[in-house]
Structures are given as C-alpha cells and as structure tokens.
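# Residue-level structural notes
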Amino acid sequence: MNLVEALAVGVGPRPAGSDAAARAADTVAEAFRELGLTPRFQEFELVGYEADEPELEVDGERWPAGPCMYAHPFDGEGTVKRIGESPAPVGDGKLPNFAVVAADGREVARLLTSPFSTGAIPFMSSHVHITTPPTAFVSIKDSERLADGLHVRLKVGGRFVPGCRERNVIADIPGTSSERVLVTAHYDSVWHGPGAIDNATGVEGVRRIGEVLAGRELERGVTLVAFAAEEINLTGSRYFVNEARMRGELDEIVGVVNLDCIARGEKLTILASPDALLGRALEGRAASACSIATTSR
C-alpha cells in the first residue's frame, strides 16, 4: 500500500473529528498489518469544528482568506491595526498579526498571516479552542499589503462539534530491551486539503521505515505512530505524550524521529531528538549524499 495515494486520493480531506479521518486511521492500520505488525488505536474524545468559508473585503476589494479553526463567529467591519508579530514555524522570519478595530475602539476580530507562502490556508491561532477570537488567515503576500487604518469587512463562522473521537494509530516492532525509539507522522489534513504533502508523505515514510525494520532483531524497540489531529494544535501527539507520562512510560522513549512534508522542496530539515540521534541522522544524510554523488559520476 502506498499511503500517499491511499490517504490523499482514496480518502481525501480528513480534518480531525471527521468521518474521513476515521477512514484514514483504518487505512493506516491496514498498511501496518500488511507489514506483519499488529496495530492498536489510542482513542480520545475531542470537540470538532466545521468551518465556514470566510468573507474578507479590504477597502472594498475582495481578498482570499482562510478560516481559523475554532474561531468564534463575527460579521462586521472595522479598521486594521497591527498588533505584533509571531515567529514563523520554519526559518527565522516573523509573521505580522493584525486586529480589526471597531468604531468604539474595541478589537472585534483578528487577521493573522498564514505560516506558509502557499496562500490563505486554515490553521489555529495560538489560543486554545474556547478562547479563540473571530479570526481569518491571509497569505504572506497579502499581509504585506495590510496597513493601519484600512477599512475591513469580515465574516467568519463555524460550528463546534461535540462528541467526536479520534485515534492515534500505533504499531510496535519489538527490541531486546525495554527502550524504544518513536518514528512518527500525522495523518490528518487541514480543512479542504487532501494532504498529499502534509502529511501523507510523512505517514508513507513511517510505513517504509517499518517495512525495513519489521522482523529484524533490534536492540531497542521501534514504535510507529500515526498521530491524529495534528493540525489542531498537535492534539494527538500531546495526548500520546501526556498518557505516556501519566502511565510512567515516558522514560522508555529514548529517541523520536518525526516526519512531516518529506516529499517536497529542495531543503531537507531533519526533526529528531535527542541531539545524539539527530547527529546520527545527519551522518546518515551525509553518507547518502556521498553515495548519490558517487553513483551519478
């Protein structure tokens, strides 16, 4: 099974809490079974969210906007006011943040900059679910056009959906010691997004590592984890870590390699901890590059 095709094409958009996300979890579990592994589900409850398409006008011009997940509703107008900036998730850049200020001086909504340059795609704000103000995302290019005093009309909405369940998908490859290394990725996608790059590629990477290691004698065990609900503030991985801490299992985990968006771009960023494991990953990357260069000659 190729999980890029199975998730992005076979399942399609799979935001957390949706029926499609449930099918995605079953798809990943079946892929682990095909490797001869025995997958299990780590289930948890959450409040889902169904976003509406935002409507944004700036000085009478319609701008594209992406929804902010779990944002409270708003339908009104005001003027733009820059309120600060946040660090970009990748690189050293800063992302500007703006408020929409009503005539009486109250901040009634937010316009945030999408973390990536591909457009006004949906994310969460830094607030937790119950405190997220009315918010929409604009692209990096459009955020550069925003300036204090511009007139804004904004309509955002969505529904909180209680009673949803999500599932992390876990499969263990045993080792001779109780120590484990986690190889992880998330399988959910953003609103309306098929998630081929982000992050069916990462889940397929986890599957391929499992394919290489399954059945081998390992000193340390390897646990494959496909996290749910990553796109809503890393909910699935936070749940996994909190449960491991509560059950006294966190000390068994001696290393983590997380795979995200691994099949796009020209620059490879390796996410691994602790530093010793990161160093070995960098050594392996260098050795692979040398092998490729030798082959090409």
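Being a predicted model, the structure only gives us computed values, none of them experimental.

### As for the nonpolar core
In terms of nonpolar packing, the biggest core is built from 44 residues, with L7, V28, V169, Y187, V203 and L224 touching the most fellow members. Considering each element in turn, this core owes the most residues, seven residues, to helix 2 (residues 19-34). For V203, the residues in contact, after removing those within four places along its chain, are L3, L7, V28, A185, H186, Y187 and A226. Among the nonpolar cores identified, the runner-up in size contains 19 residues, and W63, A136, V138 and L150 belong to it.

### Describing helix 2
Across its 16 residues, helix 2 extends 23 Å between first and last C-alpha, which sits within 8% of the 22 Å expected from 1.5 Å per residue. For helix 2, every residue scored as buried is listed here: A20, A21, A24, A25, T27, V28, A29, A31 and F32. For helix 2, the elements touching its buried residues are helix 1 (3-11), strand 1 (40-51), strand 10 (158-173), helix 4 (196-213) and strand 12 (221-227). One or two steps after helix 2, the chain reaches G36, where phi turns positive at roughly 85°.

### A few points about the side chain of D142
Among the structural elements, D142 can be located in helix 3 (residues 140-143). Using a relative accessible area of 8% as the deciding quantity, one classes D142 as buried.

### Brief notes about the layout of surface pockets
If a probe as big as a water molecule is rolled over the atoms, it shows which places are left empty. The volume enclosed by the second largest pocket comes to roughly 160 Å³. Of all the secondary structure elements, the ones that give two or more residues to the lining of the second largest pocket are strand 1 and helix 5 (235-246). For the lining of the second largest pocket, the class distribution of residues is five nonpolar, one polar and five charged.

### Quick word on the pairing of strand 11 (residues 180-186)
Of all seven residues that make up strand 11, seven are buried, and the element is covered over most of its length. Both faces of strand 11 are covered, namely the face carrying R180, L182, T184 and H186 and the face carrying V181, V183 and A185. Relative to strand 12, strand 11 runs parallel, the two being bridged by seven bridges. What sits directly across from A185, in strand 12, is A226. For the segment spanning strand 11, helix 4 and strand 12, crossover handedness is right-handed. Note: strand 11 against strand 13 (residues 253-258), five bridges, orientation parallel. The partner of L182 across the bridge, within strand 13, is V256.

Cut-offs and rules
- Residues numbered from 1 in each chain as written.
- Predicted model: local features only at pLDDT ≥ 70, side-chain atom pairs only at ≥ 80, totals over all residues.
- Heavy atoms only, no water.
- Core = buried A, V, L, I, M, F, W, Y, C linked by side-chain atoms within 4.5 Å.
- Buried < 20%, exposed > 50% of the residue type's maximum accessible area, 1.4 Å probe, protein only.
- Helix = DSSP H or I, 4+ residues; strand = E, 2+ residues; numbered from the N terminus.
- Contact = heavy atoms within 4.5 Å.
- Expected span 1.5 Å × (residues − 1).
- 1 Å grid on protein atoms, 1.4 Å probe; cavity = no way out; pocket = protein on both sides within 12 Å on 5 of 7 lines; lining within 4 Å.
- Points joined across faces, edges and corners; volume = space filled by probe spheres on them.
- Nonpolar A, V, L, I, M, F, W, Y, C, P; charged D, E, K, R; others polar.
- Pairing = 2+ DSSP bridges.
- Right-handed = clockwise from strand over helix to strand, strands pointing away.

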